[in-house]
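Residues per chain, in single letters:
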Amino acid sequence: MREPLTLIRGARVIDPAAGIDAVIDVLVGPAGVEMEPRFVPSVARRVDGRGSWLLPGLVDLQVHLRDPGLTHKEDQLTGTRAALAGGVTSMVVMPNTRPVLDDPALVAEQSRRADERGLARLLVAAAATRGSAGQELSDYRALKAAGAVAVTDDGLPVLDDGLMERSLIACAANDLLFMQHAEDTRISQHRPMAECEVQRAAGILGQPAEAEWVMVERDVALAEQTGARYHVLHCSTARSLAAVRRGKERGASVTCEVSPHHLTLTCNDVVKDGIDVPEREADLDPNRKMNPPLRSGADRRALVDGLADGTVDAVATDHAPHSASEKAQGFARAPFGTTGLETMLAVLLRFVHDGTIDARRAVELVTAGPARVLRRQGALGTLHGTAAPPDLCLVDPERHWVVTPAALLSRSKNNCFLGAELRGRVVGTWLRGRQAYELIP
Ligand SMILES: [Zn+2]
């Protein structure tokens, strides 16, 4: 049994929502958090936080827990354990489970089951259309009443213009966020990677960046017309980001997230380590096959600029576990997706270490930023919120570690950073004031 009370001494507390960036002793317990406590009970466990950062529990806007129905990839227990190891205490779960989360009872069941088991906080993005089939809207009023925070057909876009408009009108009426997986599949043709030299050299088919931005441009215009809250999931092209920026300037309720992999990798990185020039499909790494695909260097740089200039609202993982046998089918046949819960923060910290953004902005992108997208600022992503007792994570920003299958708690090990050395690691996570994760050195 862990002690219920912990005193974390000497850590740099960074809570952008509360305007805190200072070295403060913090007492954490099931009753709440106390800054600079005057009295510390002798039973409190002491943790030396010097050199570490103490942050609000991270909020991830896009996670696939695969539960129910696809639990050979991940389930609520393994997925939330991986999340806590990455400092993530709140996450929006995607509806592309089996069955699809288009039913209010299934939506309510998700967070209730997680709460009963003492797992991380789950928020549910319900299916935007029945069965995510893109034909008929699901019942937004009932889904909202069941606790859904958003609707999406993630993995699948809402292609039909009229249906998308009706969906946004219903979102506005029910105060639901629309989260779009922006991909015009008539253009992308479900091709396994981005159009680029690597794809041509390896002799496989590529999808143009246009498949994403045409849909974002359409949607931003519709969001402006309808007044709905619209969010671009895993925004990956320069032109999509420009559309979001313009929408914001015009006053539309448009937000976007970017993923750690699109910020750091390009289509050149799809080539397996150790191979200079790819000649065949087998020279490509299925763990670096995701949708949207890794794009050009220019797209990647535009996303990084968006971190710095404030256009990007949040960094989110699109944690997408797949079993080893599914990923072993070869690049063209393997399913799209990489895991990310356990590597997100360390990958984001690269941009702090290289001076692109400061620590406060990096923390904002995974706490206050996503909370604002969900309109849960003040409840999630801050130590001073209404969610008492709050969640916290303690991070050693200098700790080096190598991403190996053994280092990952997720049931699936398909992480695109396998083999990479990262700098920065979560060493402890507290959920509702109780320690829920500790890194074993
Ligand atoms: Zn997606």
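All values reported here derive from a predicted model rather than from experimental measurement.

Definitions and limits used
- Residues numbered from 1 in each chain as written.
- Predicted model: local features only at pLDDT ≥ 70, side-chain atom pairs only at ≥ 80, totals over all residues.
- Helix = DSSP H or I, 4+ residues; strand = E, 2+ residues; numbered from the N terminus.
- Rg over C-alpha atoms; globule rule 2.2 N^0.38 Å.
- Buried ≥ 20, exposed ≤ 12 C-beta atoms within 10 Å, placed from the backbone.
- Contact = placed C-beta atoms within 7 Å.
- Pairing = 2+ DSSP bridges.
- Axes fitted to C-alpha atoms, helices over the stretch in contact; angles between N-to-C directions.
- Parallel < 35°, antiparallel > 145°, perpendicular 65-115°, else oblique.
- Nonpolar A, V, L, I, M, F, W, Y, C, P; charged D, E, K, R; others polar.
- Expected span 1.5 Å × (residues − 1).
- Left-handed = near helix turned anticlockwise from the far one by under 90°.
- Core = buried A, V, L, I, M, F, W, Y, C linked by C-beta atoms within 7 Å.
- Right-handed = clockwise from strand over helix to strand, strands pointing away.

Asks: Could you clarify how one ought to interpret the overall build of the chain in this entry?
Replies: For the chain, the count of helices and strands is 14 helices and 20 strands. The C-alpha radius of gyration computed for the chain amounts to 21 Å, which stays within 12% of the reference 22 Å derived for 441 residues, consistent with globular compactness. Expressed along its principal axes, the backbone C-alpha trace of the chain runs to roughly 65 × 55 × 40 Å. Looking at the 441 residues of the chain, the share that counts as buried comes to 54%. For the chain, restricting intrachain contacts to residue pairs at least 6 apart in sequence, the fraction spanning at least 24 positions comes to 75%.

Asks: Teacher, can you tell me more about the sheet that holds strand β6 (residues 45-48) here?
Replies: In any sheet, the strands associate via hydrogen bonds between backbone groups, in a parallel or an antiparallel arrangement. Within the open sheet, the four strands sit side by side as β5-β4-β1-β6. Their pairing is mixed. The open sheet has two edge strands with one neighbour each: β5 (32-35) and β6. Ignoring which end each strand starts from, the neighbouring axes of this sheet average 20 degrees apart. Where strand β1 (residues 6-9) lies against β6, four bridges are found, and the strand directions are parallel. Looking at the pairing, Thr 6 lines up with Arg 45 of β6.

Asks: What's the story with the environment of Gln 189 in this structure? I'm lost.
Replies: Residue position: Gln 189 is located in the loop between α5 (185-188) and β13 (193-194). Here the alpha-carbon distance between Gln 189 and Pro 208, two residues 19 residues apart in the chain, equals 9.8 Å.

Asks: Explanation requested: the environment of Asp 153 in the structure shown.
Replies: Relative to the helices and strands, Asp 153 is located in the loop between β11 (150-152) and α4 (161-174). Each C-alpha atom of the pair Asp 153 and Ala 238 lies 23 Å from the other, and the pair is 85 residues apart in sequence. When residues no more than four places from it in sequence are discounted, the contact partners of Asp 153 are Ala 127, Ala 128, Thr 129, Ser 132, Gly 134, Val 158 and His 181.

Asks: Looking at this structure, I do not really get the packing of helix α7 (residues 210-226) against helix α8 (residues 238-249). What am I missing?
Replies: The relative placement of two packed helices comes down to the angle between their axes together with the axis-to-axis distance. It is the contact of α7 with α8, at a shortest axis distance of 8 Å, that shows an interaxial angle of 10 degrees. The pairing of α7 with α8 is recorded here as roughly parallel in orientation. The residues of α8 that touch α7, namely those facing Glu 212, Trp 213, Val 216, Glu 217, Val 220, Ala 223 and Glu 224, are Arg 239, Ser 240, Ala 243, Val 244 and Gly 247. Of the residues assigned to the contact of α7 with α8, the class counts are six nonpolar, two polar and four charged.

Asks: Even after reading the chapter, I still don't get helix α2 (residues 104-116), so can you show me in this structure?
Replies: An α-helical segment advances 3.6 residues per turn. Residues three or four places apart therefore align on the same side. Helix length check: α2 (13 residues) gives 18 Å between terminal C-alpha atoms against 18 Å at 1.5 Å per residue, within 8%. Regarding α2, the residues found buried are Val 107, Gln 110 and Ala 114. The secondary structure elements touched by the buried residues of α2 are α1 (76-85), β9 (88-93), β10 (121-127) and α3 (140-145). One or two steps after α2, the chain reaches Gly 118, where phi turns positive at roughly 70 degrees.

Asks: Sorry if this is basic, but what is going on with the packing of helix α12 (residues 344-353) against helix α13 (residues 359-366) here?
Replies: Taken N-terminus to C-terminus, the directions of α12 and α13 make an angle of 150 degrees; their axes are 9 Å apart at the nearest point. Taken together, α12 and α13 sit at an angle that is classed as roughly antiparallel. Classified by chirality, the crossing of α13 by α12 is right-handed. Residues Met 344, Leu 345, Leu 348, Leu 349, Phe 351 and Val 352 of α12 touch α13, and the partners they reach there are Ala 359, Ala 362, Leu 365 and Val 366.

Asks: Even after reading the chapter, I still don't get the nonpolar core, so can you show me in this structure?
Replies: A general trend in soluble globular proteins is that nonpolar side chains are found buried together. In terms of nonpolar packing, the biggest core is built from 130 residues, with Val 124, Ala 125, Ala 148, Ala 150, Val 151, Phe 178 and Leu 348 touching the most fellow members. With seven residues, the top contributor of residues to this core is α12. Non-local contacts of Leu 348, meaning those with residues more than four positions away in its chain, are made with Pro 260, Val 315, Ala 362, Leu 365 and Val 366.

Asks: For this particular structure, what's the right way to read the environment of Pro 397?
Replies: Among the secondary structure elements, Pro 397 is positioned in strand β18 (residues 392-402). Residue Pro 397 is classed as partly exposed on the basis of its 18 C-beta neighbours within 10 Å. For the pair Pro 397 and Gly 424, spaced 27 residues apart in sequence, the C-alpha to C-alpha distance is 4.0 Å. Excluding residues within four positions of it along the chain, Pro 397 makes contact with Trp 53, Leu 349 and Gly 424.

Asks: Whenever I open this one, the sheet that holds strand β7 (residues 53-56) confuses me. Can you help?
Replies: The strand order β3-β2-β7-β18-β19-β20 describes an open sheet built from six strands, whose pairing is mixed. The sheet terminates laterally at β3 (20-23) and β20 (434-438), the two strands that pair on one side only. With strand direction ignored, the average angle separating the axes of adjacent strands in the sheet is 25 degrees. Two elements, β7 and β18, share four bridges in a ladder whose sense is antiparallel. Of the residues in β18, the one forming a bridge with Leu 55 is Cys 393. Of the strands in this sheet, β18 and β19 (421-431) touch α12, which is tilted by about 120 degrees from β19.

Asks: Honestly, the pairing of strand β16 (residues 254-258) in this entry has me stumped. Any pointers?
Replies: With five of five residues buried, β16 lies mostly within the body of the structure. Residues Val 254, Cys 256 and Val 258 line one face of β16 and the alternating positions Thr 255 and Glu 257 line the opposite face, and both faces are buried. Handedness of the β-α-β unit built from strand β15 (residues 229-232), α8 and β16 comes out right-handed. Examined bridge by bridge, β16 and strand β17 (residues 314-315) share two bridges and lie parallel to one another. From the neighbouring strand, Val 258 faces β17, where its bridge partner is Val 315.

Asks: Looking at this structure, I do not really get unusual backbone geometry. What am I missing?
Replies: Excluding glycine, residues mostly carry a negative phi; peptide bonds, for their part, are mostly trans. A cis amide bond, omega 15 degrees, links Asp 67 with the succeeding residue Pro 68. Assignment of secondary structure puts Pro 68 in the loop between β8 (58-63) and α1. Omega for the peptide link from Arg 98 to Pro 99 comes to -5 degrees, which places this bond in the cis form. Its location among the elements puts Pro 99 in the loop between β9 and α2. Not every positive phi belongs to a glycine, and Ser 132 is a case in point at roughly 50 degrees. Turning to its location among the elements, Ser 132 is positioned in the loop between β10 and α3.

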